[in-house]
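Listed below are the residues making up each chain.
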Amino acid sequence: MGSHNHMVIPCVNLNFKAFLLNKMVLPRTILLAAGDFVGVSKTTACNIVRTVTEAIASLRPLYIKMPDHHCSIQETRLKFYNIARFPRIIGAIDCTHVKLQSPGGNIAEVYRNRKGYFSLNVQVVGGPSLEILDIVARWPGSNHDQVIFNNSTIHFKFETNEMGDNILLGDGGYECRPYILVPLISPNTNAELLYNESQIRTRNTIERLFGVWKRRFPVLSLGIRTTPDRAQAIIVATAVLHNLASVLGESIPPIDPNIMNQEPIHEEWNVPLAVEERGNNKTSVRTSLIRDYF
């Protein structure tokens, strides 16, 4: 990140930017109050928030990226290994639902998720230090996690071997493949039990990441009252600010009992895709790890 930090964010306070993003998604009276506070109309306040949001979201290539050099890859793998001794991990993947107001029209039901409310289903690859390495924030809530992954750039990179022998960890909502390992549904041996324990403990980083991210930006839990297109920009902008806050050493926000626990446990969303298969090409890496390592 280096010198880019000073060029792209020269004088805007991080908390002020977070304030703007949070205000955009609360009732419109908040925008009116914010406009009155600084002496501008509600429309002007809305335009300012939109402009700031889009400017922050445009910094995504600088602040949200997978490790792409040997040193950064090895550092990431080592940090994951130190959690529960799981080798070759470069990220933990999962999706989280961000509540929306009904977009209306013929497309509204596409955004209604399995829990019955409107949302975007946001795919995130998280790092060992609770940083966001990759994000996809454009899919309506009715889409399954596997569908989102199959159509993502990170999937293409693994399929074309651009990511080498690195591995992602996912939950039971993903199909086991050589580059994305999921827990065993019914572990039978001690090695399989150890594999599951290590996999789940290491993958827990993505759950913790979602918790910290949503505490920094409560609107991700409470709901975004804009069009889906604008909501996408807000989500990406909060992801950029989350990573920047981590880089700057900002403390992790405490748990607010009035806000947390609104997001369901992610495993509840991800019913296993099918009867578990073993011993085929898709599970070969997992089988080898269990046999030779665990």
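Not measured: the values here are computed from a predicted model.

A. How the structure looks around unusual backbone geometry. In the Ramachandran plot, Arg85 falls in the positive-phi region, its phi being about 65° despite a non-glycine side chain. One can find Arg85 in the loop between α6 (70–84) and β1 (89–99). The backbone phi angle of Arg88 is positive, close to 70°, even though this residue is not glycine. Relative to the helices and strands, Arg88 is located in the loop between α6 and β1. Taking relative accessible area as the criterion, Arg88 reaches 27% and is therefore assigned partly exposed.

B. Geometry of the sheet that holds strand β2 (residues 119–126). Strand order in this open sheet of five strands is β3-β2-β1-β4-β5, and the pairing throughout is mixed. The strands lining the two open edges of the sheet, one partner per strand, are β3 (132–140) and β5 (180–181). Contacts between helix α11 (residues 228–247) and the sheet are confined to β1, β2 and β3, with β3 contributing the most and set at about 170° to the helix.

C. Fine view of the pairing of β1. Within β1, 10 of the 11 residues are buried, leaving the element largely enclosed by the surrounding structure. In terms of strand pairing, β1 meets strand β4 (residues 167–169) through three bridges, oriented parallel. From the neighbouring strand, Ala92 faces β4, where its bridge partner is Leu169. The pairing of β1 with β2 spans eight bridges and is antiparallel. Across the sheet, Thr96 pairs through a bridge with Val122, a residue of β2.

D. Representation of helix α12 (residues 284–292) within the structure. Of all the positions in α12, only Val285, Arg286, Leu289 and Ile290 are classed as buried. Across the axial projection of α12, the buried residues extend over an arc of 130°, all falling on one side. Among the exposed residues of α12, those oriented more than 90 degrees off its buried face are Arg291 and Asp292. Elements that come into contact with the buried residues of α12 comprise β4, β5 and α9 (190–216).

E. Quick look at the side chain of Thr202. Within the fold, Thr202 resides in helix α9. Classification of Thr202 as buried rests on a relative accessible area of 0%. In terms of polar contacts, Thr202 uses its side chain to reach the backbone carbonyl oxygen of Ser198, at 2.7 Å.

About the criteria used
Residues numbered from 1 in each chain as written. Predicted model: local features only at pLDDT ≥ 70, side-chain atom pairs only at ≥ 80, totals over all residues. Heavy atoms only, no water. Helix = DSSP H or I, 4+ residues; strand = E, 2+ residues; numbered from the N terminus. Buried < 20%, exposed > 50% of the residue type's maximum accessible area, 1.4 Å probe, protein only. Pairing = 2+ DSSP bridges. Contact = heavy atoms within 4.5 Å. Axes fitted to C-alpha atoms, helices over the stretch in contact; angles between N-to-C directions. Arc of directions from axis to C-beta. Polar contact = N/O pair within 3.5 Å; in protein donor to acceptor, adjacent residues only side chain to side chain.

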